[in-house]
Amino acid sequence: MTEALPWLLLVAALVAIPLARSKEPSSPAKPLSLVGPVVFGLLALALAFGTGAADGVRNATLALALALVVARGLALAPASLALGGNQAFAYGIGGALVALGGLWAEGGPFVAVGLAAGLALGAARGWTWLGLGGAIVALVNGLGAKSEIGAASSLGTALAFAIVLAWVLRSLLAGRGQSWLPGVAGAALAAVGACLAANQYVVIADGLVLVAVAVVCAVVARAASLGSASSFASILCAVVWLAGASIAFGLARGLGMSVLFAVGLALSGLLGETRRLAALGPLGGLVAYRLFREHFTEASRSLDIGQHYAIVGLVAAMLVPLAVAQWRAMAKGHETPQAALGEGALLGLSMASLATGIVLLAAKGAVGMLVGFGIAPIAAMLSDQEPEETHSLALGWGLLALPTFAALDAMLDLSRDDKVQFLVKASVALIALAIALTFLSPKNTQETP
């Protein structure tokens with residue numbers, strides 16, 4: 001069954017071709033668009049063979065070069081835009097190519113990684129899901145092969161098969177009945193299929209919990225965004241997914257995180273939240289790190305799970321300057337006592353969150369927070385907020401982190417049980433401040449940046 005899965009995935013992708021809906025493209029990609037991927041592939045090959053790299057690296061580089069050309073070549077066909085927009089086909093083809101490459105035992109463990117990288121880098125003109133499908137299969141299969149369950153090396157392919165079927169169902173229901181029906185039905189099928197696939201390779205209870213966590217995170221992230229396209233909402237969604245990653249890691253280590261990432265991407269796409277795919281970026285980085293760590297233990301020993309804490313701190317800290325800047329923009333023209341109290345509640349909530357994060361995430365999390373403060377102005381610029389104000393806020397929070405860390409230094413070595421008790425008490429304060437902020441925030445009917 002393991003060797004048949006990639007072929008079944010390929011068949012499922014081909015079956016989805018008739019579901020492609022034509023778009024209004026200007027024209028397919030020009031042949032000259034192949035030049036970039038070809039040159040990049042040739043340079044990679046020259047480097048791999050010219051430096052006497054090991055056979056596994058050479059084979060992976062060959063896979064990379066081939067996948068670059070294939071990915072860009074798909075965009076040359078007249079029907080390329082319609083096919084690329086058919087997520088079932090694009091995702092399935094990407095996953096199948098990587099899975100089939102992984103069956104080539106003589107190619108070494110990095111052939112699938114090379115194929116996935118090439119597809120992601122070479123994809124053009126709406127073929128995003130081609131790269132995503134390949135990446136999911138490479139990450140999940142790679143971590144599965146390194147897990148204690150050898151058969152899990154095919155888990156990524158099984159997940160991709162279930163996800164392609166979910167996309168097919170969504171396409172079949174498109175335009176029929178309620179507008180929400182296709183996405184919800186597809187997401188439900190993806191969740192069920194992921195449960196069935198995961199339960200073949202991990203403990204049944206853990207497989208159910210992993211998918212349940214993904215569903216909960218998708219729902220919470222969608223609710224948290226409230227239809228907003230702001231960077232604050234996007235980063236808040238990223239925090240939600242990172243919180244789910246902590247649970248997934250506890251259940252099945254890196255493999256559990258990769259399953260969460262795969263299901264999360266699928267649910268976001270099926271529910272029409274494609275603009276929120278970026279919120280899964282930090283989680284994807286963690287999964288890629290786990291795969292790197294499995295192959296290069298010595299090189300990554302100093303990072304370990306502490307890197308997870310650093311990334312959580314980084315992403316969460318980006319919220320603070322953005323939240324304050326966005327709230328101030330919303331409060332313009334509302335110079336009232338209520339607004340003044342609201343800003344105080346927001347600053348208090350931010351300060352309490354900073355302190356709680358330092359205690360729970362310790363030194364590496366605090367360092368991640370400092371980096372997050374630094375990235376916040378960039379996020380503000382991308383979301384058309386005032387980067388200058390956010391930059392000032394970020395510097396202020398970064399400086400404030402120093403005395404805060406010094407004040408809490410004695411609490412950094414608390415036991416796990418003591419930290420849980422601290423978190424319960426801190427949550428009461430955080431919730432109280434959040435409720436106060438809700439009532440004190442000015443009602444602004446105009447859209448804010």
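1. Thoughts on the overall build of the chain
Reasoning step 1: Per the secondary structure count, the chain includes 17 helices and 0 strands.
Reasoning step 2: In the chain, the share of contacts with a sequence separation of at least 24, taken over all contacts with a separation of at least 6, comes to 77%.
Reasoning step 3: Taken as a whole, the chain presents about 20,800 Å² of accessible surface, with 69% of it coming from carbon and sulfur.

2. Regarding the packing of aromatic side chains
Reasoning step 1: Considering all chains together, one arrives at 3 aromatic pairs under this definition.
Reasoning step 2: Here the aromatic rings of phenylalanine 89 and tryptophan 127 are separated by 6.1 Å at their centres, their planes lie at 65 degrees, and the arrangement is edge-to-face. Taken as a pair, phenylalanine 89 in helix H5 (residues 87-102) and tryptophan 127 in the loop between helix H6 (111-122) and helix H7 (128-146) lie far apart in primary sequence, 38 residues in all. Side by side, phenylalanine 89 and tryptophan 127 carry an identical accessibility label, which is buried.
Reasoning step 3: Considering the side-chain rings of tyrosine 91 and tryptophan 129, the 6.0 Å spacing of their centres and the 45 degrees angle between planes classify their relative orientation as tilted. Residue tyrosine 91 is found in helix H5, and its partner tryptophan 129 is found in helix H7; the two are separated by 38 residues along the sequence.

3. Looking at the nonpolar core
Reasoning step 1: Counting residues in each nonpolar core, the largest one holds 92 residues, and the members touching the most others are Val98, Leu159, Trp241, Met257, Leu260, Phe261 and Leu283.
Reasoning step 2: Residues within four places of methionine 257 in sequence aside, it is in contact with Ala245, Ala248, Phe249, Leu283, Leu286, Val287, Arg290 and His308.
Reasoning step 3: Listed in part, the 29 residues of the second largest apolar core include Ala345, Ala401, Phe422 and Leu430.

4. Considering H6
Reasoning step 1: With 12 residues, H6 ought to run about 16 Å at 1.5 Å a step, and its terminal C-alpha atoms sit 16 Å apart, in line with that.
Reasoning step 2: Those residues of H6 lying buried are Val111, Ala112, Gly114, Leu115, Ala116, Gly118, Leu119 and Gly122.
Reasoning step 3: Next to the buried residues of H6 lie helix H3 (55-74), H5 and H7.

5. What to know about the packing of H7 against helix H12 (residues 281-295)
Reasoning step 1: Their axes nearest at 10 Å, the elements H7 and H12 cross at an angle of 40 degrees. Taken together, the axis directions place H7 and H12 in an arrangement best described as oblique. By crossing handedness, the relation of H7 to H12 is classed as left-handed. Contact residues: Ala138, Leu139, Gly142, Leu143 and Lys146 in H7; Val287, Ala288, Arg290, Leu291, Glu294 and His295 in H12.

6. Topic: the confidence of the model for the chain
Reasoning step 1: For the chain, the mean per-residue pLDDT works out to 80, and 84% of the residues sit at or above 70.
Reasoning step 2: Taking the mean pLDDT of every element in the chain, the minimum, 62, falls on helix H13 (residues 297-300) and the maximum, 92, on helix H8 (residues 155-173).
Reasoning step 3: Taken as a whole, residues 445-449 scores under 50 in pLDDT and shows 5 contacts with residues more than four places along the chain or in a different chain.

7. Topic: unusual backbone geometry
Reasoning step 1: A positive phi angle, close to 55 degrees, is found at arginine 253, a residue other than glycine.
Reasoning step 2: If you trace the backbone, arginine 253 turns up in helix H11 (residues 231-270).

8. Here's the deal with a nonpolar patch on the surface
Reasoning step 1: Residues Val35, Val39 and Leu43 make up a contiguous nonpolar surface patch of roughly 270 Å² in combined accessible area.
Reasoning step 2: On the secondary structure map, leucine 43 appears in helix H2 (residues 35-50).

9. Re the packing of H5 against H8
In a pair of packed helices, the angle between the axes and the distance between the axes together describe the arrangement.
Reasoning step 1: Where H5 meets H8, the axes come as close as 9 Å, and the angle between the chain directions of the two elements is 165 degrees. Classified by the angle their axes make, H5 and H8 are roughly antiparallel. For the pair H5 and H8, the crossing hand works out as left-handed. Every residue of H8 that contacts H5 at Gln87, Ala88, Tyr91, Gly92 and Ala99 is listed here: Thr157, Ala160, Ile163, Val164, Trp167 and Val168.
Reasoning step 2: Considering only residue class, the contact of H5 with H8 consists of 8 nonpolar, 3 polar and no charged.

10. Quick word on H12
Reasoning step 1: End to end, H12 covers 22 Å across 15 residues, agreeing with the expected 21 Å (1.5 Å per residue, within 8%).
Reasoning step 2: Restricting attention to buried positions, one finds in H12 the residues Leu283, Gly284, Leu286, Val287, Tyr289, Arg290, Leu291 and Arg293.

11. Here's the deal with the environment of glycine 272
Reasoning step 1: Structurally, glycine 272 is set in the loop between H11 and H12.
Reasoning step 2: Here glycine 272 falls in the partly exposed class, since its relative accessible area comes to 35%.
Reasoning step 3: Sequence spacing of glycine 272 and proline 182 is 90 residues, and the spatial spacing of their C-alpha atoms is 9.9 Å.

12. Section: the environment of alanine 194
Reasoning step 1: By secondary structure assignment, the location of alanine 194 is in helix H9 (residues 181-198).
Reasoning step 2: C-alpha separation for the pair alanine 194 and alanine 262, spaced 68 residues apart in sequence, amounts to 9.2 Å.
Reasoning step 3: When neighbours within four sequence positions are excluded, alanine 194 is seen to be in contact with Leu159, Ala162, Val211 and Val263.

Rules and cut-offs
In this numbering scheme, every chain counts its residues from 1 along its sequence in written order. Totals for whole chains, interfaces and linings use every residue, but because this is a predicted model, local features are given only for residues with pLDDT of at least 70 and side-chain atom pairs only at 80 or more, for both listing and counting. In computing side-chain properties, one takes all heavy atoms of the structure into account and sets aside hydrogens as well as water. The helix count covers DSSP runs of H or I at least four residues long, the strand count covers runs of E at least two residues long, and both are numbered beginning at the N terminus. What makes two residues a contact is simply this: any of their non-hydrogen atoms within 4.5 Å. Only the protein chains shown count as cover for residues, and all accessible areas are computed by the Shrake-Rupley method using a 1.4 Å probe. Classification of ring pairs uses Phe, Tyr and Trp, with its six-membered ring standing for Trp, and accepts pairs whose centres are within 6.5 Å; under 30 degrees between planes counts as stacked, over 60 as edge-to-face, and the remaining range as tilted. Only protein chains enter the accessibility calculation, which uses a 1.4 Å probe; a residue whose area is less than 20% of its type maximum is buried, one above 50% is exposed, and one in between is partly exposed. Joining through side-chain atoms within 4.5 Å is the link that ties buried Ala, Val, Leu, Ile, Met, Phe, Trp, Tyr and Cys residues into a set, and such a set is a nonpolar core. Multiplying one less than the number of residues by 1.5 Å gives the expected span of a helix. In this description, a line fitted to the C-alpha atoms serves as the axis of each element, helices being fitted only across the stretch in contact, and the angle between N-to-C directions of two axes falls anywhere from 0 to 180 degrees. Working definition: roughly parallel below 35 degrees, roughly antiparallel above 145 degrees, roughly perpendicular at 65 to 115 degrees, and oblique for all remaining angles. What makes a crossing left-handed is the near helix being turned counterclockwise from the far one by less than a right angle; a clockwise turn instead makes it right-handed. As a per-residue quantity, pLDDT reports the predictor's confidence and falls between 0 and 100. Surface patches are drawn from residues lacking salt bridges whose relative accessible area is over 30%; two like charges belong together within 9 Å, two nonpolar side chains (Val, Leu, Ile, Met, Phe, Trp, Tyr) within 5 Å. For this document, the term salt bridge refers to a Lys or Arg side-chain nitrogen within 4 Å of an Asp or Glu carboxyl oxygen. Any residue outside Ala, Val, Leu, Ile, Met, Phe, Trp, Tyr, Cys, Pro, Asp, Glu, Lys and Arg is labelled polar, Gly included; the first ten of those are nonpolar and the last four are charged.

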